[in-house]
Amino acid sequence: MTIWIHTLEGRNYSQDSDDHSQICRHLDAIDETCKKIGVKSLSEFMDYTDQEYNYDEFDDEDEDVALDPETGLGYGIDDMTWFDSQEGLSSFKALKTAVASSVITGLDADEIVDLMEELDNCIAILEKSAAQAGKFHLSLIE
């Protein structure tokens, strides 16, 4: 399991994302850290549409599903939950500062390095999206 970050500016949907498996693996500790530093927890930015769709797909094996023309998926933009990119950017930046200050517990040095890289990637994506008054979500991918 991993987490991908998706963005939406107007009706322009981007699902091009790196894997953020450290964020996924340590989400509970990350959320606890977010609470300690007073920002919105990353799990509050999750969208489970893809996971729910894929589980439902196993139930409907015989049905041909038409792909959505905007997303190329079996579900559309309006089926997903979206959050303000600026709000997400604030949480990610504060979390990065906390991780750099060794506030988060339970991670070894290599995991912290990997987590910092993932946070940098998310921050870069959210900075571009926030500059366009965009939205985003974190999608749990199997």
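The structure we're discussing is the one just above.
Residues numbered from 1 in each chain as written. Predicted model: local features only at pLDDT ≥ 70, side-chain atom pairs only at ≥ 80, totals over all residues. Heavy atoms only, no water.

(A) Layout of the overall build of the protein. When helices and strands are tallied, the protein shows 5 helices and 5 strands. Each helix (α) and strand (β) of the protein, taken in turn from the N terminus, gives the series β-β-α-α-β-α-β-α-α-β. The C-alpha atoms of the protein give a radius of gyration of 16 Å, which matches the 14 Å a tight globule of 142 residues would have. Structurally, the protein occupies a C-alpha span of about 50 × 35 × 20 Å along its principal axes. (Helix = DSSP H or I, 4+ residues; strand = E, 2+ residues; numbered from the N terminus. Rg over C-alpha atoms; globule rule 2.2 N^0.38 Å.)

(B) Region of interest: the layout of surface pockets. What the largest pocket holds in volume is close to 160 Å³. For the largest pocket, the full set of lining residues is Ile5, Thr7, Glu9, Asn12, Ser14, Asp16, Ala124, Ile125, Lys128, Ser129 and Gln132. Of all the secondary structure elements, the ones that give two or more residues to the lining of the largest pocket are strand 1 (2–9), strand 2 (12–14) and helix 5 (109–131). Top element by residues in the lining of the largest pocket is helix 5. It accounts for 4 residues. In terms of residue class, the lining of the largest pocket is made up of 3 nonpolar, 5 polar and 3 charged. (1 Å grid on protein atoms, 1.4 Å probe; cavity = no way out; pocket = protein on both sides within 12 Å on 5 of 7 lines; lining within 4 Å. Points joined across faces, edges and corners; volume = space filled by probe spheres on them. Nonpolar A, V, L, I, M, F, W, Y, C, P; charged D, E, K, R; others polar.)

(C) Spotlight on unusual backbone geometry. Even without being glycine, alanine 133 reaches a positive phi, approximately 55°. For alanine 133, a relative accessible area of 67% corresponds to the exposed category. (Buried < 20%, exposed > 50% of the residue type's maximum accessible area, 1.4 Å probe, protein only.)

(D) Spatial organisation of the packing of helix 4 (residues 85–100) against helix 5. Between helix 4 and helix 5, the least distance of the axes is 9 Å, while the angle of their chain directions is 155°. Relative to helix 5, the element helix 4 is oriented roughly antiparallel. For the pair helix 4 and helix 5, the sense of crossing is left-handed. For the pair formed by helix 4 and helix 5, the contact residues are Ser85, Gln86, Gly88, Leu89, Phe92, Lys93, Leu95, Lys96, Val99 and Ala100 on the first element and Ile112, Leu115, Met116, Leu119, Asp120, Cys122, Ile123, Leu126, Glu127, Ser129 and Ala130 on the second. (Axes fitted to C-alpha atoms, helices over the stretch in contact; angles between N-to-C directions. Parallel < 35°, antiparallel > 145°, perpendicular 65-115°, else oblique. Left-handed = near helix turned anticlockwise from the far one by under 90°. Contact = heavy atoms within 4.5 Å.)

(E) Inspection of the side chain of glutamate 111 at higher detail. Mapped onto the elements of the fold, glutamate 111 is located in helix 5. With residues up to four places along the chain from it excluded, the contact list for glutamate 111 reads Gln22, His26 and Gly106.

(F) Summary view of the pairing of strand 5 (residues 135–141). Among the 7 residues of strand 5, 6 are classified as buried, and the element is accordingly described as predominantly covered. Relative to strand 5, strand 1 is paired through 7 bridges, and the arrangement is antiparallel. By the bridge assignment, threonine 7 is partnered in strand 5 with phenylalanine 136. With 2 bridges joining them, strand 4 (residues 83–84) and strand 5 adopt antiparallel strand pairing. Looking at strand 5, one finds that phenylalanine 83 is bridged to phenylalanine 136. (Pairing = 2+ DSSP bridges.)

(G) The pattern of salt bridges, seen in detail. Summed over the entire model, instances satisfying the criterion amount to 5 salt bridges. Lysine 93 is paired through a salt bridge with glutamate 127; the nearest N and O atoms lie 3.7 Å apart. You can see lysine 93 sitting in helix 4 and its partner glutamate 127 sitting in helix 5, a full 34 residues away along the chain. Judged by relative accessible area, which is 39%, lysine 93 ranks as partly exposed. Here aspartate 120 makes a salt bridge to lysine 96, at a shortest N to O gap of 2.6 Å. You can see aspartate 120 sitting in helix 5 and its partner lysine 96 sitting in helix 4, a full 24 residues away along the chain. We classify aspartate 120 as partly exposed; its relative accessible area is 36%. What makes lysine 96 partly exposed here is its relative accessible area of 28%. (Salt bridge = Lys/Arg side-chain N within 4 Å of Asp/Glu carboxyl O.)

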